[in-house]
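Spelled out from the first residue to the last, the chains are:
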Amino acid sequence: MDIIRFSILKPVTILADIIMLLLFGIISLTRLPYQLSPTVIEPEMPG
């Protein structure tokens, strides 16, 4: 059974899958660590 026929016969399953994918994607994006600017340590001369 190809994906188009399956989608037509079982639209609720496809809709649930799409909602779960979107939900997991949003959760993943909110948990990703990100840093807008890198931590830069300026070198100092001992003296």
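Provided above is the structure to which this section pertains.
Quick caveat: nothing in here was measured; it's all calculated off a predicted structure.

Concerning the overall build of the protein
Alright, step 1. A count of helical and extended segments in the protein gives two helices and zero strands.
Alright, step 2. If one aligns the C-alpha atoms of the protein with their principal axes, the spans along those axes are about 75 × 20 × 10 Å.
Alright, step 3. Taking all 47 residues of the protein together, the buried fraction comes to 0%.
Alright, step 4. For the protein, the accessible surface area stands at approximately 5100 Å², while carbon and sulfur atoms represent 71% of it.

A look at a nonpolar patch on the surface
Alright, step 1. A contiguous nonpolar surface patch, about 390 Å² in accessible area, is contributed by Met20, Leu23, Phe24 and Ile27.
Alright, step 2. Tracing the chain through its elements places Ile27 in helix α2 (residues 11–31).

Procedures and definitions
- Residues numbered from 1 in each chain as written.
- Predicted model: local features only at pLDDT ≥ 70, side-chain atom pairs only at ≥ 80, totals over all residues.
- Heavy atoms only, no water.
- Helix = DSSP H or I, 4+ residues; strand = E, 2+ residues; numbered from the N terminus.
- Buried < 20%, exposed > 50% of the residue type's maximum accessible area, 1.4 Å probe, protein only.
- Areas by Shrake-Rupley, 256 points an atom, 1.4 Å probe, with all protein chains shown as cover.
- Patch = residues over 30% accessible without salt bridge, like charges linked within 9 Å, V, L, I, M, F, W, Y side chains within 5 Å.
- Salt bridge = Lys/Arg side-chain N within 4 Å of Asp/Glu carboxyl O.

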